Amino acid sequence: MRNQTQRVEIETGVPTQPAGPILSARNLTKLYNAGTAREVVALTDVNFDIFPGDLVSIVGPSGCGKSTLLRALAGLSRPTAGSLLIDGEPLINPGPKAAMVFQQPVLLPWRTILDNVMLPIEFRELPIAKHRAHALDLLAGVGLAGFEARFPHELSGGMQQRAAIVRALVQDPQILLMDEPFGALDAMTREQMNLDVLKLWQQTGKTIVFVTHSITEAIFLSQRVFVMTARPGRLAREITVDLPFPRGLDVINTDAFGVYAGEVRALLQARSEI
């Protein structure tokens, strides 16, 4: 996997200096309503390492615990058992090292786009002027220059989700966690947003963990795909996607892409039949 990452650095300019994992899970387990008749095992015995600058997708059937896992990585939900480390330290609460983009943009309708983007800065009581300038640069970088004073209802779904991504990035996290952020978008907008994510990753070198239901999206975006089993969710297999970067949409039609898609699909179908 390190050789793959080093090759990506050459082809994209993403900084990937040798380092220990930025996220590590060991025997991670999550129960809901533990010890009651309504107990649900959402995750069990999940193990992985994610390194600085990685772009990893998590794919699996509905209800397998993908979102639960991402919330744990964000510090929004504590595991029932096992360990979860961020930069070698126990991950217990939300912190500035990771930011999350949710399935819906969750923009406050009474605030302008710029004011929505600035919410994390206000919450953390960081210098407003400095981060406002950074927010304006980020908005311009995702094609939202001129829309700073608009309200969410004046923007399309794709534009709203771009604003939500900027809101996550404005505090300059090391890790961007994305929970099926494009699932509600039409196919053409979703493809463009996938290209935008790759461009963002290549430009910033952020570590990105991307949850999706789409096999195509998972392979297209990622260096590695984590395939999860049906609930209780565990890691069925980690697949390294050895396709060159930068990637265009035409790669989806190649034989090599089809081989990876078939491998992921076979894993998901096999697990669903158990």
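Residues numbered from 1 in each chain as written. Predicted model: local features only at pLDDT ≥ 70, side-chain atom pairs only at ≥ 80, totals over all residues. Heavy atoms only, no water.

With the rule as written, the count across this model stands at nine salt bridges. Between D49 and R26 there is a salt bridge whose closest N-O contact spans 3.0 Å. Of this pair, D49 sits in strand 2 (residues 40–50) while R26 sits in strand 1 (residues 23–32), placing them 23 residues apart in sequence. Since its relative accessible area comes to 35%, R26 is described here as partly exposed. (Salt bridge = Lys/Arg side-chain N within 4 Å of Asp/Glu carboxyl O. Helix = DSSP H or I, 4+ residues; strand = E, 2+ residues; numbered from the N terminus. Buried < 20%, exposed > 50% of the residue type's maximum accessible area, 1.4 Å probe, protein only.)

A grouping of L76, F102 and V106 is seen on the molecular surface, where their side chains present a nonpolar patch of about 240 Å² in accessible area. Positionally, F102 belongs in the loop between strand 6 (98–101) and helix 3 (113–117). The exposure class assigned to F102 is partly exposed, which follows from its relative accessible area of 32%. (Patch = residues over 30% accessible without salt bridge, like charges linked within 9 Å, V, L, I, M, F, W, Y side chains within 5 Å. Areas by Shrake-Rupley, 256 points an atom, 1.4 Å probe, with all protein chains shown as cover.)

Sheet architecture is open: six strands sit in the order 6-7-8-3-9-10, paired in mixed fashion. One side of each edge strand has no neighbouring strand; the edge strands of this open sheet are strand 6 and strand 10 (235–240). Put simply, the sheet's adjacent strands are angled 15 degrees from each other on average, direction ignored. As defined by bridge partners, strand 7 (residues 175–179) adjoins strand 8 (residues 207–212) across five bridges and the pair is classed as parallel. Directly across from L177, in strand 8, lies its bridge partner V209. (Pairing = 2+ DSSP bridges. Axes fitted to C-alpha atoms, helices over the stretch in contact; angles between N-to-C directions.)

In this section: the packing of aromatic side chains. Following the criterion strictly, the structure yields three aromatic pairs and no others. Note on F182 and F210: the rings are 5.7 Å apart at their centroids and 50 degrees apart in plane angle, and the pair reads as tilted. Of the two residues, F182 sits in the loop between strand 7 and helix 7 (187–204) while F210 sits in strand 8, which places them 28 residues apart along the sequence. The class of F182 is buried, set by a relative accessible area of 1%. Using a relative accessible area of 0% as the deciding quantity, one classes F210 as buried. (Phe/Tyr/Trp six-rings, centres within 6.5 Å; stacked < 30°, edge-to-face > 60°.)

Let us now look at the environment of T204. Following the sequence through the fold, T204 ends up in helix 7. Among the residues examined, T204 registers a relative accessible area of 35% and is labelled partly exposed. Along the backbone, T204 and D172 are 32 residues apart, and their C-alpha atoms lie at a distance of 9.8 Å. Reaching out from T204, the side chain makes a polar contact with the backbone oxygen of L200 at a distance of 2.8 Å. (Polar contact = N/O pair within 3.5 Å; in protein donor to acceptor, adjacent residues only side chain to side chain.)

For the rest of this paragraph, the subject is helix 2 (residues 66–73). Extensive coverage of helix 2 is indicated by the burial of six of its eight residues. Within helix 2 the residues assigned to the buried category are K66, T68, L69, L70, A72 and L73. Just downstream of helix 2 lies G75, where phi reads positive at about 80 degrees.

Geometry of a packed helix pair, given as the angle between the helix axes and the separation of the axes. At a closest axis distance of 11 Å, the pairing of helix 6 (residues 157–169) and helix 7 adopts a crossing angle of 20 degrees. Judged on the interaxial angle alone, helix 7 and helix 6 are roughly parallel. Remark: the crossing between helix 6 and helix 7 carries right-handed chirality. From helix 6, G158, Q161, R162, I165 and L169 reach across to helix 7, where they touch T189, Q192, M193, D196 and L200. For the contact of helix 6 with helix 7, the per-class residue count stands at four nonpolar, four polar and two charged. (Parallel < 35°, antiparallel > 145°, perpendicular 65-115°, else oblique. Left-handed = near helix turned anticlockwise from the far one by under 90°. Contact = heavy atoms within 4.5 Å. Nonpolar A, V, L, I, M, F, W, Y, C, P; charged D, E, K, R; others polar.)

Turning to the nonpolar core, a few remarks are in order. With 51 residues, the main nonpolar core has M178 and I219 as its most contacted residues. Those residues in contact with I219 that sit more than four places away from it in its chain are V225, V241, L243, R247, F257, Y260, A261 and V264. By size, the runner-up hydrophobic cluster in this structure holds 27 residues, among which are V46, L70, A74 and V211. (Core = buried A, V, L, I, M, F, W, Y, C linked by side-chain atoms within 4.5 Å.)

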